[in-house]
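Below, each chain spelled out in residue letters.
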Amino acid sequence: MNADRLPPVAPEVTATLVEGLSPRLRKRLDAAVTKLAARPVHRDGDTTTIEVDDETELRLHAPGGVVALVEAITCGCLLAPACVHRAAAACAAPTADLAPEPAEQPTSEAAGPASATDPAPVAASASATHRTSVAASATAMVPASATHRASGTDSAVGPSPAPAPGLTPDVAPVPPETATPDQRAAADALWAAGAAVLEAGVDGAGAVAQSALLRAAHTARLRHLPRAAGAALSVVTLLRAARAGDPSYRTAELVTALAELLGTARRVATASGTELAAVRGRVRRPYSPDGSLRLYGLFTEPVVTDSGHGGVRTWVAGADGRLFTVGDVAPGGVGRALGVADRAVRLGDSALTHRELGRAGLAVSGATVSPDGRLGAGKSVKAVTARGAAWTEPPLAALWETPPAEQAARALRSTSRYADPDGTGSDLLFLDVELLGAVREPGGTCLLALGEGGVPVRLTAADDDPALAHRDNLALLAAAPGTRLRIIGRLIPAAHPRLTLLACSHPTGEGTIDLGLDRLRRADLPDPAAPAHFAPPQPAGPGAQSPLYLLERRVEQTVPAGRAALGMLGDVTAETRRIRRGGLPTAAALLTALCASAAQRERDHFGRLLPADTDGFAAYWLAAARYSAAVSESLCSAAWNPPGEVQGVSGGQPAAAARPAV
């Protein structure tokens, strides 16, 4: 049985069914989920039937596509409704997305602006179940007594300043809004559930541990904490993928999701004002009025997700240089992505297709825009076709005038694993490069180019699907060393400059190429008969020799195997000594504290082991995860500076990330 064949189940339904099992049945739940996954499934309208055995059927009723009630899962066995089959079916099914917050939600910054929420937002990529992010950057070490969940100090909002001496304000200052007791309790439950997953690891975080996360997520949603609730659902989704052996699962993604969950839950108690609004998050993406816009097309990229969705996203720029997107993504895979590119854009009265919009222009009135630049397609939006602009003409030419290092820093702020989810900006870079040829790397072959200031940039294919043109176009460009191109790429955070190549100027200098949709031919190259050229090895960037990976691998090692695996490492003095020699004393201290916390087990007067300090270990792990991400981003930013102009890194220790916080 494929889990995707089952209808999604609401988190509270799964949690209620698991909580209703007896202790004996809970021990059998994981085995029941595995056994149920091998049984045939049939769907008839809103009802999905699983054949438990030759005489017993299990039914999931999903009116509207989601199993929203406990009573909607029924079983025909003799032990029903107290059987393990109902809970196993709920655990095997995908988790439904968060429902909108209750209508009685009080008016606050967390509810979003009272202005326009676009009734028909343009669909976005459905690949990511949750964009993991935490707003605060790393600034201080975790205290040794960090066993209290509410003792975090990473709040960027301090107490209100006192009035200057001799001045009496006419109106008493209003203290900033803080979390309610119910919200703090919900955050504590999320922390406890996340810490339990970290304690047990993937191998031990079965259906019961996942149920605790789902219950905590449901409670957090009711307490108006959708950001933390979404992080919990993301952790559950990744845990299930890991335990099922999903080839698309990556441990690094679960590390990020767990750090988002723990970090957000911890900050609820200390955040206030605007920071609290960011920590709470929003269920729906708000679309705000933006008046009239004059837009110029840049390029169109195909979007194909692991969840089976497909479509395109067209990027346009405003007269002031702001970037916007118009998308059309829905279930359908790569076939739909190729077909939608030639369909009309769903924006006002425009008859342009997505391919055409990438090279033309639009005049939009009544525009609505989300914080990340998505253009809404509501009924009030009017759009007509207008003249576009070449990449070498204003206003588009200005996008290539910003130094690459500044562009990389801006893109990192947008793509940071702990960025504010409502932050603006994009992860695109606009560069003028000279192609050098292909280079072989452990992960495959990429195209090497020389950017401004002599910075070598590695260009990779955005998607390896042979139905798309990315891979073939990259191979052809590797056969044209010396060609100068104006390119658009998406930043890949790494210790050396690296991009996925999305669009470029045509090698002949006429027009542009959408590298995922348009196919280059050998006749388009300056020397059509030239074979693929391999560039000589390039020197490593400033972060290539950083010993940070010694801390990163211990952070990742905890997730699949749990705290016990880290506690059995023994002496890590050699690793910490190497890290200190590399100029990262804080990383060395964090590794020492993390391993000591993992190994610490106290005994009572009778020699019996006391329960492990899961809270303290989770706090140290979170600090190490946050610190590693901050240093990695600093090294990535430094790599984009021209040789001899590396800034922000001294001895491998980024100044901005010297002391992390959780």
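Parameters at a glance
- Residues numbered from 1 in each chain as written.
- Predicted model: local features only at pLDDT ≥ 70, side-chain atom pairs only at ≥ 80, totals over all residues.
- Heavy atoms only, no water.
- Helix = DSSP H or I, 4+ residues; strand = E, 2+ residues; numbered from the N terminus.
- Contact = heavy atoms within 4.5 Å.
- Expected span 1.5 Å × (residues − 1).
- Buried < 20%, exposed > 50% of the residue type's maximum accessible area, 1.4 Å probe, protein only.
- Pairing = 2+ DSSP bridges.
- Axes fitted to C-alpha atoms, helices over the stretch in contact; angles between N-to-C directions.
- Left-handed = near helix turned anticlockwise from the far one by under 90°.
- Nonpolar A, V, L, I, M, F, W, Y, C, P; charged D, E, K, R; others polar.
- Parallel < 35°, antiparallel > 145°, perpendicular 65-115°, else oblique.
- pLDDT = per-residue confidence, 0-100.

Focus: the overall build of the protein
Link 1 in the chain: What the protein contains, in helices and strands, is 17 helices and 17 strands.
Link 2 in the chain: Pairs at least 24 apart in sequence give 69% of the contacts found in the protein among residues at least 6 apart.

Here we look at helix α5 (residues 207–222)
Link 1 in the chain: The end-to-end C-alpha distance of α5, which contains 16 residues, comes to 22 Å, matching closely the 22 Å that a straight helix rising 1.5 Å per residue would cover.
Link 2 in the chain: Every buried residue belonging to α5 is among A207, Q210, S211, L213, L214, A216, A217, H218, A220 and R221, and all of these are buried.
Link 3 in the chain: On its buried face, α5 is in contact with α1 (11–19), α2 (23–37), α3 (84–92), α4 (181–204), α6 (226–243) and α7 (251–267).
Link 4 in the chain: Of the residues flanking the end of α5, it is H224, one or two places downstream, whose phi is positive at about 65°.

Brief notes about the pairing of strand β14 (residues 498–505)
The two faces of the sheet receive side chains in turn, since in a regular strand these alternate between them.
Link 1 in the chain: Counting buried residues in β14 gives 8 out of 8 residues, a clear majority hidden from the surface.
Link 2 in the chain: Bridge analysis of strand β12 (residues 456–461) against β14 gives 4 bridges, and the strand direction is parallel. Among the inter-strand pairings, T460 is bridged to a residue of β14, identified as T500.
Link 3 in the chain: With 5 bridges joining them, strand β13 (residues 484–491) and β14 adopt antiparallel strand pairing. Counted as the bridge partner of I488 is A503 from β14.
Link 4 in the chain: Relative to strand β15 (residues 512–514), β14 runs antiparallel, the two sharing 3 bridges. Bridge pairing links A503 to D514 in β15.
Link 5 in the chain: In this antiparallel pair of consecutive strands, β14 and β15, the connection spans 6 residues, and G509 shows a positive phi of 90°.

Examining the packing of α7 against helix α17 (residues 614–639)
Link 1 in the chain: In contact at an axis separation of 10 Å, α7 and α17 are set at 115° when each is read in the N-to-C sense. Considering only the axes of α7 and α17, their crossing is left-handed. Residue-level inspection shows V255, L258, A259, L262, G263 and R266 of α7 in contact with α17, the latter providing A618, A619, W621, L622 and A625.
Link 2 in the chain: When the residues that make up the contact of α7 with α17 are grouped by side-chain class, the tally is 9 nonpolar, 1 polar and 1 charged.

Focus: the environment of V316
Link 1 in the chain: Relative to the elements of secondary structure, V316 occurs in strand β6 (residues 309–318).
Link 2 in the chain: Classification of V316 as buried rests on a relative accessible area of 1%.
Link 3 in the chain: Separated by 41 residues in sequence, V316 and L357 have C-alpha atoms that sit 8.1 Å apart.
Link 4 in the chain: Aside from chain neighbours lying at most four places away, what touches V316 is L295, Y296, G297, L298, R322, L323, F324, L357 and L375.

Observations regarding the packing of α1 against α5
Link 1 in the chain: Remark: α1 packs on α5, axes separated minimally by 8 Å, with the N-to-C direction vectors making an angle of 130°. Looking at the two axes, α1 sits oblique to α5. The chirality of how α1 crosses α5 is left-handed. Along its contact with α1, which presents P11, E12, T14, A15, T16, V18 and E19, the element α5 presents V208, S211, L214, R215 and H218.
Link 2 in the chain: Of the residues assigned to the contact of α1 with α5, the class counts are 5 nonpolar, 4 polar and 3 charged.

Some remarks on the sheet that holds strand β1 (residues 41–44)
Link 1 in the chain: The strand order across the open sheet built from 4 strands is β1-β2-β3-β4, with neighbouring strands paired in antiparallel fashion. Either end of the sheet is taken by a strand with one partner, and the two such strands are β1 and β4 (73–75). Adjacent strand axes in the sheet meet at a mean angle of 20° when their direction is disregarded.
Link 2 in the chain: Bridge analysis of strand β2 (residues 47–51) against strand β3 (residues 57–61) gives 5 bridges, and the strand direction is antiparallel.

As for the confidence of the model for the protein
Link 1 in the chain: On average, the protein scores 82 in pLDDT, and the residues at 70 or more come to 81%.
Link 2 in the chain: For the protein, the element scoring lowest by mean pLDDT is strand β16 (residues 649–650), at 40; β13 scores highest, at 96.
Link 3 in the chain: Note on residues 101–169: pLDDT is under 50 here. Beyond four places in sequence and across chains, it has 172 contacts.
Link 4 in the chain: The model gives residues 648–662 a pLDDT under 50, and that stretch makes 56 contacts with residues more than four places away or in other chains.

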